[in-house]
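Close look at the chain arrangement
So the chains spell out like this:
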2 protein chains.
Amino acid sequence: MQKEHNLSKNQKIIFDLIDKSGGPMKAYSILFNVQKKGIKAPLQVYRALDKLVEIGKIHKIESRNAFIACQNSSCQISKATAFSICESCENVSEISNSKLSKYLSNFSDDSGMKYSKYNLEFFGLCKKCKSK
Amino acid sequence: MQKEHNLSKNQKIIFDLIDKSGGPMKAYSILFNVQKKGIKAPLQVYRALDKLVEIGKIHKIESRNAFIACQNSSCQISKATAFSICESCENVSEISNSKLSKYLSNFSDDSGMKYSKYNLEFFGLCKKCKSK
DNA sequence: TTATAAATGTTATATTATTACATAACGTTA
DNA sequence: TAACGTTATGTAATAATATAACATTTATAA
Ligand SMILES: [Zn+2]
Ligand SMILES: [Zn+2]
Ligand SMILES: [Zn+2]
Ligand SMILES: [Zn+2]
């Protein structure tokens with residue numbers, strides 16, 4: 001059972017926007033879209049984004065400086081994320097593959113470092129773009 | 001046998017700096033450090049960085065907006081990169097593990113997407129920081 | 001209630017990266 | 001060598017991404 005997070009007003013506005021968009025959104029595009037709802041400053045957006053990332057409702061796509069709603073109901077803690085990114089249309093989707101996540105979560109090398117978190121980004125061409 | 005890339009003047013200055021630093025460096029810190037050598041503008045730095053990334057002499061640590069010299073002589077093409085990052089001291093090292101790279105290079109899911117590239121970042125505490 | 005933490009509002013500023021345009025150096029081959 | 005195309009450089013301006021600092025309000029809970 002997951003912990004229920006009661007989102008605050010700004011957090012809810014911003015999460016709903018990202019979630020409905022169905023894809024990755026950039027911070028200033030989010031800002032532009034929520035100005036009519038009274039969120040006027042970048043910091044208001046970044047604070048909500050930080051919190052949403054922290055509780056796993058969204059993830060940051062590091063290579064794109066963009067944020068996407070979690071598409072994987074079981075990953076509320078954002079400690080093990082994997083994405084596939086189309087380099088042509090920039091479509092992004094979250095990879096939910098238990099073998100992969102098991103493999104990476106258990107990965108260790110000879111550095112003596114214990115990894116508590118990872119983020120993996122795969123790049124390529126999606127079906128649509130490949131057939132063009 | 002790898003292709004020999006003759007670095008241009010600016011590319012060489014910037015690669016040498018990053019390489020000697022032994023760790024990740026940020027673009028504007030690089031800029032500051034090479035101003036005495038005549039490189040005065042951000043764009044000069046970013047152009048050299050782009051080229052160095054393209055030919056695999058350096059990699060970008062996406063989660064840190066920083067650049068590190070390739071520590072793995074065999075990865076001149078930057079298509080399959082993995083790093084371990086200490087969240088306390090920000091030490092970064094490139095992971096060179098043939099099992100891991102084989103596993104990820106061959107990874108495919110049911111999306112019909114063929115992945116030509118990946119970047120993986122592991123996070124945790126390094127030995128030193130753990131024992132503090 | 002009272003204190004504590006979490007969230008908000010606002011202004012300013014810092015950091016990271018690109019556009020646009022002009023010039024110079026380099027490598028190839030006629 | 002001369003002409004051509006490609007790559008690299010120089011410079012100024014600006015765009016895009018993100019945080020600092022400070023004041024106030026709202027939610028949580030002892
Ligand atoms: Zn997720
Ligand atoms: Zn695509
Ligand atoms: Zn490398
Ligand atoms: Zn450390």
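Calculation rules
Residues numbered from 1 in each chain as written. Chains lettered and ligands numbered in written order. Predicted model: local features only at pLDDT ≥ 70, side-chain atom pairs only at ≥ 80, totals over all residues. Heavy atoms only, no water. Near = heavy atom within 4 Å. Polar contact = N/O pair within 3.5 Å; in protein donor to acceptor, adjacent residues only side chain to side chain. Helix = DSSP H or I, 4+ residues; strand = E, 2+ residues; numbered from the N terminus. Nonpolar A, V, L, I, M, F, W, Y, C, P; charged D, E, K, R; others polar. Contact = heavy atoms within 4.5 Å. Buried area = accessible area lost by both parts, 1.4 Å probe. Salt bridge = Lys/Arg side-chain N within 4 Å of Asp/Glu carboxyl O. Donors = N, O, S within 2.8 Å, 3.2 Å for Na, K, Ca; no water. Core = buried A, V, L, I, M, F, W, Y, C linked by side-chain atoms within 4.5 Å. Buried < 20%, exposed > 50% of the residue type's maximum accessible area, 1.4 Å probe, protein only.

1. Remarks on the protein's contact with DNA strand C
In the vicinity of DNA strand C lie 16 residues, with Gln-44 and Arg-47 of chain A together with Lys-26, Leu-43 and Lys-60 of chain B positioned nearest. Each atom of DNA strand C within 4 Å of the protein belongs either to a base or to sugar and phosphate, the latter forming 46%. One of the side-chain N or O atoms of Ser-8 of chain A is found 2.7 Å from a phosphate oxygen in DNA strand C. Side-chain polar atom of Lys-60 of chain B to a phosphate oxygen of DNA strand C: 2.7 Å apart, as the coordinates give it. Among the secondary structure elements, those contributing two or more residues to the surface near DNA strand C are helix H1 (9-21) and helix H3 (42-54) of chain A together with helix H3 (42-54) of chain B. In terms of residue count, the dominant contributor to the surface near DNA strand C is H3 of chain A (four residues). Its residues assigned to classes, the surface near DNA strand C comprises five nonpolar, five polar and six charged.

2. A few points about the interface of chain A and chain B
Every contact between the two is made by 32 residues of chain A and, on the other side, 32 residues of chain B. Surface buried jointly by chain A and chain B totals about 2,700 Å² across both partners, of which 62% is contributed by carbon and sulfur atoms. In this assembly, chain A and chain B are joined by two salt bridges. When the shortest N-O distance is used, the salt bridge between Glu-87 of chain A and Lys-117 of chain B registers 3.3 Å.

3. Thoughts on the coordination of the zinc ion (ligand 4)
Residue and element names in this part refer to chain B. Protein ligation of the zinc ion (ligand 4) involves Cys-86 (SG), Cys-89 (SG), Cys-126 (SG) and Cys-129 (SG), the donor distances falling in the range 2.3 to 2.4 Å. Each donor residue of the zinc ion (ligand 4) lies on the same chain, and together they follow the pattern C-x2-C-x36-C-x2-C. With Cys-89 in the loop between strand S3 (80-86) and strand S4 (92-94) and Cys-129 in helix H5 (residues 127-130), this pair connects stretches of sequence that are 40 residues apart.

4. Considering the nonpolar core
Ranked by size, the top nonpolar core spans 26 residues in total, and within it Leu-100, Leu-120 and Phe-122 of chain A together with Leu-100, Leu-120 and Phe-122 of chain B carry the most contacts. Discounting chain neighbours no more than four positions away, the residues touching Phe-122 of chain B are Leu-104, Phe-107, Tyr-115, Lys-117 and Tyr-118 of chain A together with Phe-83, Ser-84, Ile-85, Ile-95 and Leu-100 of chain B. Listed in part, the 19 residues of the second largest apolar core include Ile-13, Leu-17, Ile-18 and Leu-49 of chain A.

Without other data, these values stay purely geometric and don't point to any function.
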